[in-house]
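Structural overview
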Amino acid sequence: MTKIKRHKTTFLKTFFKERKQVGALAPSSKFLVNKMCDKIDFENAKAILELGPGTGVFSKEILARASADTKIIIVELNEEFFKLLQKNLKDPRVILVRDSADNIDLILRENNIKHVDAILSSLPLAVIPEKIKKRIIIKSHAILRTGGSFVQYQYSLNAKKMIEKKFGKIKLGFVTINIPPAFIYHATKA
Ligand SMILES: C[S@@+](CC[C@H](N)C(=O)[O-])C[C@H]1O[C@@H](n2cnc3c(N)ncnc32)[C@H](O)[C@@H]1O
């Protein structure tokens, strides 16, 4: 079995174990990954935060595009995904943490990072409890530097209002070549 097939199988198995946590049946498509990564200014980023990496499809692209001195903080809650990422993301730029995204302020403090230049999130906001989701959005806004990008995909517009409440008007994109098709929310910190 190829690595990609193995990752798809791990993803599906993990979905059936932890439906609410994973929130999707398959890893994101290359189209979605590229469209989201295109929103990030990799050249000038000193620190990038990824939330909910799963099997690491975005992590790989972030590593390919980021500069040699960019810190890449990756936060995954699920143990199985975390172990897989530990094996596959052996790069000195990566700070891989097993924790919930609502602890991002503490995670940054522990790693002596004050602000990040961009946040790329695949968190399944539609199924994350309201209180936790609110904390994640408030903290994401707080740790992002002014002018930095918060990029999130979702299969619906459910989280748009909550994100706009904190960030102001967001730009919306839509990617059809993904299972299922996905909205991209792009917010900038004013
Ligand atoms: C829809 S999957 C996205 C996986 C991958 N980034 C992709 O696009 O293929 C959501 C991911 O968020 C993780 N997750 C869910 N709740 C989380 C939380 N509170 N903190 C960190 N990760 C979380 C899940 O374990 C899963 O890896």
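Higher on the page you've got the structure.
Residues numbered from 1 in each chain as written. Predicted model: local features only at pLDDT ≥ 70, side-chain atom pairs only at ≥ 80, totals over all residues. Heavy atoms only, no water.

Before going further, it helps to examine the nonpolar core. As a rule of thumb, soluble globular proteins bury nonpolar side chains together. Counting 28 residues, the largest nonpolar core has Leu49, Leu51, Ile73, Val116, Ile119 and Ile163 as the members making the most contacts within it. Excluding residues that lie within four positions of it along the chain, Val116 makes contacts with Ala47, Leu49, Ile73, Leu108, Ile143, Leu144 and Arg145. Judged by nonpolar contacts, the second largest core, of 24 residues, contains Phe58, Ala66, Leu120 and Ile184. (Core = buried A, V, L, I, M, F, W, Y, C linked by side-chain atoms within 4.5 Å. Buried < 20%, exposed > 50% of the residue type's maximum accessible area, 1.4 Å probe, protein only. Contact = heavy atoms within 4.5 Å.)

All right, on to the sheet that holds strand β6 (residues 171-175) then. The mixed open sheet is built from 7 strands, whose spatial order is β3-β2-β1-β4-β5-β7-β6. Each of the sheet's edge strands pairs with one partner strand only, and the pair in question is β3 (94-98) and β6. Averaged over all neighbouring strand pairs, the angle between strand axes comes to 15°, with direction disregarded. Pairing geometry for strand β4 (residues 116-121) and strand β5 (residues 144-154), over 5 bridges, is parallel. Considered in β5, the bridge of Ala118 is made with Ser149. (Pairing = 2+ DSSP bridges. Helix = DSSP H or I, 4+ residues; strand = E, 2+ residues; numbered from the N terminus. Axes fitted to C-alpha atoms, helices over the stretch in contact; angles between N-to-C directions.)

This brings us to the layout of surface pockets. Space inside the largest pocket adds up to approximately 600 Å³. At the level of elements, α2 (19-22), α4 (57-65), β2 (71-76), α7 (130-143) and β5 are the ones that each hand at least two residues to the lining of the largest pocket. Of all the elements, α2 adds the most residues to the lining of the largest pocket, at 3 residues. Within this model, the second largest pocket holds a volume of roughly 420 Å³. Residue lining of the second largest pocket: 17 residues in total, with Ile4, Lys8, Pro27, Ser28 and Val57 positioned closest to the centre. Those elements that place two or more of their residues in the lining of the second largest pocket are α1 (3-17), α3 (30-37) and α4. (1 Å grid on protein atoms, 1.4 Å probe; cavity = no way out; pocket = protein on both sides within 12 Å on 5 of 7 lines; lining within 4 Å. Points joined across faces, edges and corners; volume = space filled by probe spheres on them.)

The subject of this paragraph is the environment of Thr70. Looking at the element boundaries, Thr70 is found in the loop between α4 and β2. Residue classification places Thr70 among the buried positions, given a relative accessible area of 1%. Distance in space between the C-alpha atoms of Thr70 and Lys46 is 4.6 Å, their sequence separation being 24 residues. Within polar-contact distance, the side chain of Thr70 engages the backbone oxygen of Ala45 at 2.9 Å. (Polar contact = N/O pair within 3.5 Å; in protein donor to acceptor, adjacent residues only side chain to side chain.)

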